[in-house]
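# Fold and contact review
Letter by letter, the chains look like this.
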Amino acid sequence: MLSLYVHVPFCVRKCPYCGFYSTQYSPGNGDEFISCLALEAGGYKHDFNRRIFSSIFIGGGTPTALSPKQIERLMNIIQENVHLADDAEFTVEANPNTVTRENLALLLDRGVTRLSLGVQSFSDEVLSLLGRLHTAEQAGDAFRLARRIGFKNIGIDLIYGVPGQTMTQWEKSLEAVIALKPDHVSTYSLSLDEGSRYHHEAEAGRFALPDDEIVVTMYERAVMKLGSAGHGRYEISNFSLPGYECRHNMNYWERGEYLGLGPGAWSFISGRRYSNIADAAEYGRRLSRGLTAVDAQEVVAAESAAREAVLLGLRTMKGLDLDRFEREYGPDLVRLLQTNSGRLKDAGLLRVTEGHLRLTDRGIMLSDEALAWLAV
């Protein structure tokens, strides 16, 4: 499977916990970015002329911070340079404070099939702690507007494990999500991304995450409530109604190929992983001079590829297909994997069913520690 990721590097204001590359939006730098993106996409057109993309994900940043005219230009760039499968999944991320009837209708008209709303919480107090610019009411309004416009596949992102967040607040957020009946829900424990403001404050001792016990309890509550509402857990942090799993992200977890466009975007093609410069101004300068935006690259060796396959495969509830793993990486690495996994099986963290190696429920709770044992 081949996927396309487009990184739109603009936010109205950067969230204090976020480490993804972004810069403040203005109409001028939005226009410049779109022009440079056209150059980058055009540079790849010949290489991918005979290939079909099965999914597109436009993320950021905040793609819906762009003006409708800029969104229209972005869609034209994709249409002119990429061959899409007839049933391609086409996702765009949006924040509730940047959702309008006009941009939603435009996205739907231009073939977007899936909307991912960065809600994060339905508690105004928690939203304030996270530095978000919308309210819980605006989040609900944005979702309902997207449904009325015609989106049949909408996902909602939530964050838990926020300092000061109570279990009551978390449960109310889960209940609010369930009442909206989205097709997909992602629940992420707050992490202090390197380079984020909260990361710096934590290093200075001014900010601390809740105890692991509280975070685990919040996660278990999400699994229970979302499961009861029909949202099956298909990856550690992701839940969906049947048939609404995010195909784009599944491609990442299965080590499929993907092309990344935009400053800071990553690509993985033909066993080579590379990333663009994470600086919009420098990205533009390079492309305008006929240079590549690629800033770093590596050829992924067989041993590293095998390790990635294990770590990513075990994040999914489907688990790691052992027969496929042996076909791709050979019997020696299978034997090493079996040796390293023995202790985890004995501890009840791993199990083998139907030819797949899977984390148990207890293993998921200790996934970081469990996966660290499985180096191959």
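Residues numbered from 1 in each chain as written. Predicted model: local features only at pLDDT ≥ 70, side-chain atom pairs only at ≥ 80, totals over all residues. Heavy atoms only, no water.

### A word on the overall build of the protein chain
Regarding its fold elements, the protein chain presents 15 helices and 17 strands. Computed over the C-alpha atoms, the radius of gyration of the protein chain is 21 Å, within 12% of the 21 Å expected from 2.2 N^0.38 for a compact globule of 376 residues. With respect to the three principal axes, the spread of C-alpha positions in the protein chain is 60 × 50 × 45 Å. Buried positions account for 52% of the 376 residues belonging to the protein chain. Residue pairs at least 24 apart in sequence account for 69% of intrachain contacts in the protein chain once pairs closer than 6 positions are excluded. Of the accessible surface of the protein chain, which amounts to about 17300 Å², a share of 50% is contributed by carbon and sulfur atoms. Looking at the protein chain, you have 40 positive and 48 negative side-chain charges, and the mean spots of the two groups are 3 Å apart. (Helix = DSSP H or I, 4+ residues; strand = E, 2+ residues; numbered from the N terminus. Rg over C-alpha atoms; globule rule 2.2 N^0.38 Å. Buried < 20%, exposed > 50% of the residue type's maximum accessible area, 1.4 Å probe, protein only. Contact = heavy atoms within 4.5 Å. Areas by Shrake-Rupley, 256 points an atom, 1.4 Å probe, with all protein chains shown as cover. Lys, Arg positive; Asp, Glu negative; His and termini not counted. Charge placed at Lys NZ, Arg CZ, Asp CG, Glu CD.)

### As for the pattern of salt bridges
Scanning the entire structure with this criterion turns up 19 salt bridges. The partner of Glu 235 in a salt bridge is Arg 315, with the nearest N and O atoms 2.6 Å apart. With a gap of 80 residues between them, Glu 235 in strand β9 (residues 232-235) and Arg 315 in the loop between α11 (302-313) and β15 (320-321) connect regions that are remote in the sequence. Accessibility expressed as a relative area gives 1% for Glu 235, which makes it buried. Accessibility expressed as a relative area gives 25% for Arg 315, which makes it partly exposed. Counted as one network, the salt bridges with shared partners bring together Arg 255, Arg 273, Glu 298 and Glu 308. (Salt bridge = Lys/Arg side-chain N within 4 Å of Asp/Glu carboxyl O.)

### As for unusual backbone geometry
At the junction of Gly 60 and Gly 61, the peptide bond is cis and its omega measures out at 25° in the coordinates. Residue position: Gly 61 is located in the loop between β4 (53-60) and α2 (68-81). Positive phi, normally seen in glycine, also occurs at Lys 181, with a value near 60°. Among the structural elements, Lys 181 can be located in the loop between α6 (167-180) and β8 (184-189). What makes Lys 181 exposed here is its relative accessible area of 62%. The backbone of Ser 270 sits at a positive phi, close to 50°, despite the residue not being glycine. For Ser 270, the position within the fold is in the loop between β12 (266-269) and β13 (272-276).

### Focus on the packing of aromatic side chains
Tallied over the entire structure, the rule returns 12 aromatic pairs. For the ring pair Tyr 252 and Tyr 258, a centre distance of 4.8 Å and an interplane angle of 80° mean the geometry is edge-to-face. According to the relative accessible area criterion, Tyr 258 is buried, its value standing at 13%. Between the aromatic rings of Phe 325 and Tyr 329, the centroid separation amounts to 5.0 Å while the plane-to-plane angle is 50°, which identifies the pairing as tilted. Placement of the pair is Phe 325 and Tyr 329 together in helix α12 (residues 322-329), with a separation of 4 residues, close to one helical turn. Both residues of the pair, Phe 325 and Tyr 329, count as buried. (Phe/Tyr/Trp six-rings, centres within 6.5 Å; stacked < 30°, edge-to-face > 60°.)

### Let's talk about the packing of α6 against helix α8 (residues 212-228)
The interhelical angle for the contact between α6 and α8, taken along N-to-C directions, is 25°, at an axis separation of 10 Å. When the axes of α6 and α8 are compared, the pair comes out roughly parallel. Regarding α6 and α8, the two cross each other, and that crossing is right-handed. Residue-level inspection shows Met 167, Trp 170, Glu 171, Leu 174, Glu 175 and Ile 178 of α6 in contact with α8, the latter providing Ile 214, Thr 217, Met 218, Arg 221, Ala 222, Lys 225 and Leu 226. Grouping the amino acids of the contact of α6 with α8 by side-chain chemistry returns 8 nonpolar, 1 polar and 4 charged. (Axes fitted to C-alpha atoms, helices over the stretch in contact; angles between N-to-C directions. Parallel < 35°, antiparallel > 145°, perpendicular 65-115°, else oblique. Left-handed = near helix turned anticlockwise from the far one by under 90°. Nonpolar A, V, L, I, M, F, W, Y, C, P; charged D, E, K, R; others polar.)

### What about the sheet that holds β15?
Strands sit in the order β15-β17-β16 across an open sheet of 3 strands; the sheet is antiparallel. The open sheet is flanked by β15 and β16 (350-353), the only strands paired with a single partner. Both β15 and strand β17 (residues 356-359) contribute to a ladder of 2 bridges, which runs antiparallel. Of the residues in β17, the one forming a bridge with Leu 320 is Leu 357. (Pairing = 2+ DSSP bridges.)

### Thoughts on the nonpolar core
Counting residues in hydrophobic clusters, the biggest one holds 88 residues, and the most contacted among them are Ile 58, Leu 115, Phe 151 and Phe 325. Other than its neighbours up to four places away in sequence, Phe 325 contacts Ala 306, Ala 309, Val 310, Leu 320, Gly 330, Leu 333, Val 334 and Leu 337. Listed in part, the 10 residues of the second largest apolar core include Tyr 17, Leu 190, Tyr 198 and Phe 207. (Core = buried A, V, L, I, M, F, W, Y, C linked by side-chain atoms within 4.5 Å.)

### A look at α12
The opening residue of α12, the one whose side-chain oxygen lies 3.1 Å from the backbone nitrogen of Asp 323, is Asp 321. The first or second residue beyond α12 is Gly 330, which carries a positive phi of 95°. (Polar contact = N/O pair within 3.5 Å; in protein donor to acceptor, adjacent residues only side chain to side chain.)

### With respect to the pairing of β13
Within β13, 4 of the 5 residues are buried, leaving the element largely enclosed by the surrounding structure. Pairing analysis gives 4 bridges linking β12 to β13, with the strands arranged antiparallel. Note that in β13 the partner of Ile 269 across the bridge is Arg 272. Joining the antiparallel neighbours β12 and β13 is a turn of 2 residues, in which Ser 270 adopts a positive phi near 50°.

### Some details on the side chain of Thr 98
Mapped onto the elements, Thr 98 comes out in the loop between β5 (84-94) and α3 (101-109). Overall, Thr 98 belongs to the buried group, its relative accessible area being 10%. With near-sequence residues (within four places) excluded, Thr 98 lies in contact with Val 12, Thr 62, Thr 64, Ala 65 and Asn 103.

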